[in-house]
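Take a look at the letters that make up each chain.
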Amino acid sequence: MKLLLLTLTLSTLLLAKNHTLLTFSADFNQSIQDEHNKTITYLGHMQSKRPNLARWHYEKPVLKTLYVYEDVVTVIEPDLEQAIIKRLDKNIDIFKIMHSAKKIGNNSFEANYNGQRFLLTYKKELLSTITYSDELDNTVTIKFSNQKNNIDLNDTIFKAIIPEDFDVIR
């Protein structure tokens, strides 16, 4: 669950470099590599909107959608017919954190949050990759494609709709 929450936290991280950026939408390829070089790859599409709305729709290898709506995270897992709902313990202000990120190369930046180091790369002013180590020392790399900035995103796409027959875990 921590990995999922960290992934969701990255939604606001995406918007932080550019203060005029209000929304971000992209396809993603998220790979997680352990210390034995075993890798699992997730594919999907994400959308994020300031100040604290996000939707990560995972299509492969399993179908799953993660929502952040204000201070509530909802994970809907159709294969398990369940939804997990969690209230965030504290408001994470990634915008302030990223505002203080240091440029370390032509198109690369480094940010730190709670002892966690994030490396971001940009191509043509669009976020290209985010790399970090998770709490299990796995290397997580999220590559973005088909990025779109400041498109119209209705807030309703960030509200989870849980099917009535799903188990709800709080």
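For the structure given in this document, a descriptive report is provided here. Computed from a prediction, not measured in an experiment: that's the story for all the values here.

Attention now moves to the side chain of Gln-30. Summarising the element assignment, Gln-30 is placed in strand 1 (residues 23-33). Exposure remark for Gln-30: the relative accessible area of 1% places this residue in the buried category. Within polar-contact distance, the side chain of Gln-30 engages the side chain of Tyr-58 at 2.8 Å.

One pass over the full model with this rule turns up seven aromatic pairs. Note on Trp-56 and Phe-144: the rings are 6.4 Å apart at their centroids and 55° apart in plane angle, and the pair reads as tilted. Taken together, the residues span a long stretch of sequence, with Trp-56 in strand 3 (residues 53-60) and Phe-144 in strand 11 (residues 139-149) at a distance of 88 residues. Taken individually, Trp-56 and Phe-144 each receive the classification buried, so the pair is uniform in this respect. Following the ring pairs from residue to residue traces out a cluster consisting of Phe-24, Phe-28, Tyr-42, Trp-56, Tyr-58 and Phe-144.

The subject of this paragraph is the pairing of strand 11. Taken together, the nine bridges between strand 1 and strand 11 define a ladder with antiparallel strand orientation. From the neighbouring strand, Ser-31 faces strand 11, where its bridge partner is Thr-141. The pairing of strand 10 (residues 126-133) with strand 11 spans five bridges and is classified as antiparallel. Across the sheet, residue Tyr-132 finds its bridge partner in strand 11, namely Val-140. What sits between the antiparallel neighbours strand 10 and strand 11 is a turn of five residues, in which Asp-137 has the positive phi angle 65°.

We now examine the nonpolar core. With 25 residues, the main nonpolar core has Phe-28, Trp-56, Leu-127, Ile-130 and Phe-144 as its most contacted residues. It is strand 1 that provides the largest number of residues to this core, a total of four residues.

Calculation criteria
Residues numbered from 1 in each chain as written. Predicted model: local features only at pLDDT ≥ 70, side-chain atom pairs only at ≥ 80, totals over all residues. Heavy atoms only, no water. Helix = DSSP H or I, 4+ residues; strand = E, 2+ residues; numbered from the N terminus. Buried < 20%, exposed > 50% of the residue type's maximum accessible area, 1.4 Å probe, protein only. Polar contact = N/O pair within 3.5 Å; in protein donor to acceptor, adjacent residues only side chain to side chain. Phe/Tyr/Trp six-rings, centres within 6.5 Å; stacked < 30°, edge-to-face > 60°. Pairing = 2+ DSSP bridges. Core = buried A, V, L, I, M, F, W, Y, C linked by side-chain atoms within 4.5 Å.

Purely geometric numbers; function is a separate question.
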